[in-house]
Structure formats: C-alpha cells, structure tokens
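Overview (structure and organization)
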Amino acid sequence: MPGSAPISCLGPWPKDVGVIALELYFPSQYVDQAELEQFDGVSAGKYTIGLGQDRMGFCSDREDINSLCLTVVQRLMDRNGLSYDSIGRLEVGTETIIDKSKSVKTVLMQLFEDSGNTDVEGIDTTNACYGGTAALFNAVNWVESSSWDGRYALVVAGDIAVYATGSARPTGGAGAVAMLVGPNAPFAFERGLRGTHMQHAYDFYKPDMVSEYPVVDGKLSIECYLSALDRCYSVYRNKIHAQWQREGSEKHFSLEDFGFLVFHSPYCKLVQKSLARLMLNDFLNHPSPNTETGPFVGLDAFRDVKPEETYFDRDVEKAFMKASAELFEKKTKSSLLISNQNGNMYTPSVYGCLASIIAEHTPSELAGQRVGVFSYGSGFAATLYSLRITQDHTPGSSLDKLVSSLSDLRLRLDSRTKVSPAVFSERMKLREETHHLASYIPQGSVEDLFPGTWYLTRVDDKHRREYARRPLDDDLPAEPEHIRSSAAAEVQKNFHDFPLLSMLITRGPPIIDLSIADADM
C-alpha cells in the first residue's frame, strides 16, 4: 500500500527540520486581573490564584487578526534580515475569522509585493486552538517532501480571544507568533514521535458568524482537554518505546525523559494540572512503581484508579499536583511567562509557552534537551510531539541567535500600558458593537500601539479592510494607508547566517526522493 514502506526504505531526508527563528507579538495594553476581580465583584484570588492569571492583553478596535499577523511577520523578517524571496510556503493557523472565504494568508501576501515573490504555497487552517499546530505540521511536511524547493516555510499562528461579560472573560488574551521552518534548525522535530487524538465534541465552538464570542461548555472542555492529553501521551509513549526497541533498548519512558514540557494554556492553573495528569499516567503505567521513596511516595491508594473516572476527582488532582510540584518547577513553570502576563492567545498559546522557555533560559541550559509540546483545539483535536534542541550553543550559533532574539521578552511585557477594568470593559463593548460593520472608521488611538505595529485604518462599504503601520520612529511621518514592505532593502543581507539560503543560491534546491474552566482549549 502507498505510504506503508518501513522507515528504512524511505529516501534521504532534510536534516533536523524544525523551528529556526521565532517571533512573538502581543498587544501594547493590558488589564490587571486583581483589579478585574474587584471590578467584576468576585472573590479575591478567583482569577489570580484560581486561574493563575496576573495580566490580560487585549486589542482595541484598531487591531484585528490581519493586523496582528502583518505585525508579527514583518517583525520576524526584519529582525532576521530575511528576504521575502526566501519564503516558499506561508501557513496561517487561526480561529479568529473575519471572512468566510478570503484567508489571512492572502492579506499577508501584500508584504511580499516589493519582492515580486508570488510563488508561495499554503493558506489558512482552522480548528480552534489547534490550527497553528496543523499549520506547523504542514510546513514541516512540505520541507520533508518532494514538493520542497529549498526555501523556508513561514508559519503564523494568531488570534484574539474575547468573551462576553461573565466568568469566561478573564481567560481572554490576544497575540500572534511567527515561526521560520527549515532544515538544520536549533529546535528540530523528532521524526515519528507524535501522538494525536481526534474526536467530535461541542465543548467550545463559534456558530454565530457575526460575533467574536464562543459558546462554551466549560466542564466538557476540561474533560476533553484532559482525555486528549491522556490518549496523546499513551500514543507518544508507545511510539518512542517502539523506536527505542528498534535501537536495542528496553528503557521505560517517563516524564524525566523530557527536559521541558509545554502545554496549550487556556489559563495557567490548567497547565499545572496537566503536568500532574501526565505523572498520574506514568504512575498507572509503571509496572512496579516505588511508593516508598521518590516521586510516587504515598500514592499507593491510587494504584487502581481508572483515568477516565478522575477528570474531576479532587483527591487524585491534589495528590498528583503535590507529587509533580518539583517537576513543574523544573520543566514547565518557566513556560508560563506569556500565558500569565498576556492570557490565552488560542492558536499561538502553546508557542508563546515555547517562546517563554527560550526567553527564560540560556543557550547552554537549553542545548541537547527534548521539549514535549502538547497542543489542543476544541471540537476536538490534539497532538503531543517533541522537539530536540541542538547541542551547539556556541556564540553565534543558530540556538544562540534564537535565544538572543527573545531575550527582550520580559522588557516588552513590562513596557505595556495598564488600562483600568472600566476602560477595558468599554473597549470590549466597542469591539462587540463594531466587529462586523461595513463603512467603519476605528476609534482607538494609534498612539497606544507599539511602534512598528500594523493597524486597521478603515472598513469600506464592501467590508474591504485597509491597514497602515505605525512608524518605528515616532518622529517620522505616518506611512501611507496601504502596505509597503520595508524589507525589500534586506534582500541579500545576512544570507551567510542562514545556511539554507546559501545552499539555494550556490547550488539550487536539493533533490529529495521520498515516496479547559470556561476557556477555549
């Protein structure tokens, strides 16, 4: 059967395909969650302790999904000195839909106009928070396929998470991530190590096409998330065991084999519970766990529990959160910087967690580690996969450059402007009332945006949207209200920093022969 050939029969593969560069964008304004608790009249700690959230970024009516993605793409291209000619595939993952036909990717193609590059494959992928991961897999698969022409793939995940007034609103957020994908990556996909689970459920969905607000079954959403985590981990574990057995090893896989673990994060507390959930899986699948010493000490009473009966078992949750506390501090806590400070970004959420890991560690601390990544999207779709970080952490290495590019993450978070809950509420009301209007001029202040941010200037009577970019230097005149790529002058700059581009210029493309509470998850 096609596709059934054993691994040993496959043709040559591009080496170490994965994430070469990563850029993150979040809004310039946020609301403090402790202040929001007071404003909403809920008990102190409900959002900050119960959900684990401190701040929530949000967009005014000046920003939409197109402007978020325009900003993060141009930022990645400019900061890495990349030519738009070097991109052969552009994929967007988003659930923030403002048009039922036209993709966000086609809007981003305006950035490519000055380069003359229109030979760019890929469009949008949608399934709640999983769309960014599906787009990333598409990009990796393209590079590893006979369709690859030697250029980079660019993956964009972006969303604006907004909820109606009520208990779900503090689980909102907004942002976008752009990832450059190609061979010889510092964060390389481990081949064959993906565990996926797909199933039908109405846990979170958006049936109203003229509203940004979802319909949410909070309890079902958490059950779907945790059950998907169980099943994906089981599949992943089976695959790595099979891989190790082919190599002659009978080693038993556990969480200790991950250097870091990142999860889709609707809110931080669920991530902590998710790591505890994986420890429960390790405990139940261990042939003879030591309950006298080590991480499983005192857990004898839970030896015979059935995972599907424990999604809301407080005793199990409490016991395994305590047992996994040290692992959480070591392997996962640092991934929650963006989630805690900016909130749920939907498709970029898990990649904001990956960016946080990179920003919070030195190249030497990251080098050689395996990173487990769990992505979940309601409806529902989920995958657990792993990335292997390169061993080379020398100054000027690809890993060193990636870490350096995200070293300002805390500074950028701290440079935002805090807005009162009352003003935040007013701006959410404005978004609700004007979300799908034609003949609309946004009211939000452009001066509130970060320099270099793309923003919406108007929606005409045919719902066509126009954008401009806030200048990087506030002393410069505003750019005209149409898109012009500022990267055209960067066409040949820094090619020596990217071996793939050098290969493409000197030899051409290679020949490859290979036959969640009340939040969206």
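What counts as what
Residues numbered from 1 in each chain as written. Predicted model: local features only at pLDDT ≥ 70, side-chain atom pairs only at ≥ 80, totals over all residues. Heavy atoms only, no water. Helix = DSSP H or I, 4+ residues; strand = E, 2+ residues; numbered from the N terminus. Buried < 20%, exposed > 50% of the residue type's maximum accessible area, 1.4 Å probe, protein only. Areas by Shrake-Rupley, 256 points an atom, 1.4 Å probe, with all protein chains shown as cover. Salt bridge = Lys/Arg side-chain N within 4 Å of Asp/Glu carboxyl O. Core = buried A, V, L, I, M, F, W, Y, C linked by side-chain atoms within 4.5 Å. Contact = heavy atoms within 4.5 Å. Arc of directions from axis to C-beta. Pairing = 2+ DSSP bridges. Axes fitted to C-alpha atoms, helices over the stretch in contact; angles between N-to-C directions. pLDDT = per-residue confidence, 0-100. Parallel < 35°, antiparallel > 145°, perpendicular 65-115°, else oblique.

1. Things to note about the overall build of the chain
- When helices and strands are counted, the chain shows 15 helices and 16 strands.
- Across the 521 residues that make up the chain, the buried fraction comes to 58%.
- Within the structure as shown, the chain displays about 21400 Å² of accessible surface, and the carbon and sulfur contribution to it stands at 50%.

2. Thoughts on the pattern of salt bridges
- Evaluated as defined, the whole model comprises 25 salt bridges.
- The salt bridge involving Arg75 is made with Glu23; its shortest N-O contact spans 2.8 Å. Highlighted residues: Arg75 in helix α2 (residues 65–79) and Glu23 in strand β1 (residues 18–25), separated in sequence by 52 residues.
- Since its relative accessible area comes to 27%, Arg75 is described here as partly exposed.
- Classification of Glu23 by relative accessible area gives buried; the value is 1%.

3. Looking at the nonpolar core
- With 145 residues, the main nonpolar core has Phe187, Phe320 and Phe374 as its most contacted residues.
- The dominant element in this core, judged by the number of residues it contributes, is helix α5 (residues 218–246), at eleven residues.
- Those residues in contact with Phe320 that lie beyond four places of it in its chain are Ala276, Met279, Leu280, Phe283, Leu299 and Phe302.
- Counting residues in hydrophobic clusters, the runner-up holds six residues, among them Tyr163, Ala168, Phe204 and Tyr346.

4. Things to note about helix α12 (residues 398–405)
- Of the residues making up α12, those classed as buried are Leu399, Leu402, Val403 and Ser405. Looking straight down α12, one finds its buried side chains confined to an arc of 165°; they lie on one side.

5. Some words on unusual backbone geometry
- The residue after Gly379, namely Phe380, is reached through a cis peptide bond having omega -5°.
- Tracing the sequence through the fold places Phe380 in the loop between β12 (370–377) and β13 (381–389).
- The residue Asp16 is not glycine, and still its phi comes out positive at about 55°.
- Tracing the sequence through the fold places Asp16 in the segment before β1.
- Positive phi, close to 50°, is recorded for Ala128, a residue that is not glycine.
- Tracing the sequence through the fold places Ala128 in the loop between β5 (124–125) and α4 (131–143).
- The buried category is assigned to Ala128, whose relative accessible area is 11%.

6. Re the sheet that holds strand β6 (residues 152–161)
- Taken in spatial order, the nine strands line up as β5-β4-β6-β7-β1-β8-β13-β12-β11 in an open sheet, and their pairing is mixed. Each edge of the open sheet is held by one strand with a lone partner, namely β5 and β11 (260–263).
- Summarising the sheet, β11 and β12 pair through four bridges and their orientation is parallel. When the bridges of β12 are listed, Val262 appears paired with Val373.
- Of the strands in this sheet, β4 (87–93), β5, β6, β7 (173–182), β8 (187–198), β12 and β13 touch α4, which is tilted by about 160° from β4.

7. Quick notes on the confidence of the model for the chain
- Of all residues in the chain, 89% have pLDDT values of 70 or greater, and the mean over the chain is 89.
- Below a pLDDT of 50 lies the segment residues 475–521, which in the model reaches 131 contacts outside its immediate sequence neighbourhood of four places, other chains included.

8. Some points on the packing of helix α1 (residues 33–40) against helix α14 (residues 421–434)
- Viewed as axis vectors pointing N to C, α1 and α14 meet at an angle of 80°, and their least axial separation amounts to 9 Å. Taken together, the axes of α1 and α14 lie roughly perpendicular to each other. Contacts between α1 and α14 involve Glu35, Leu36 and Phe39 on the former and, on the latter, Pro421, Ala422, Phe424 and Ser425.

9. Considering the sheet that holds strand β3 (residues 55–58)
- If you walk across this open sheet you meet the three strands as β3-β2-β14, and the pairing is mixed. Since the sheet does not close on itself, it has two edges, and those belong to β3 and β14 (417–418), each with one partner.
- Bridge count for strand β2 (residues 29–32) against β3 is four bridges, and the pairing is antiparallel. Among the inter-strand pairings, Tyr30 is bridged to a residue of β3, identified as Gly57.
- In the packing of α1 onto the sheet, the strands contacted are β2, β3 and β14, and the crossing angle to β2 comes to about 60°.
- On the sheet, α14 packs against β2 and β3 and is oriented at approximately 35° with respect to β3.

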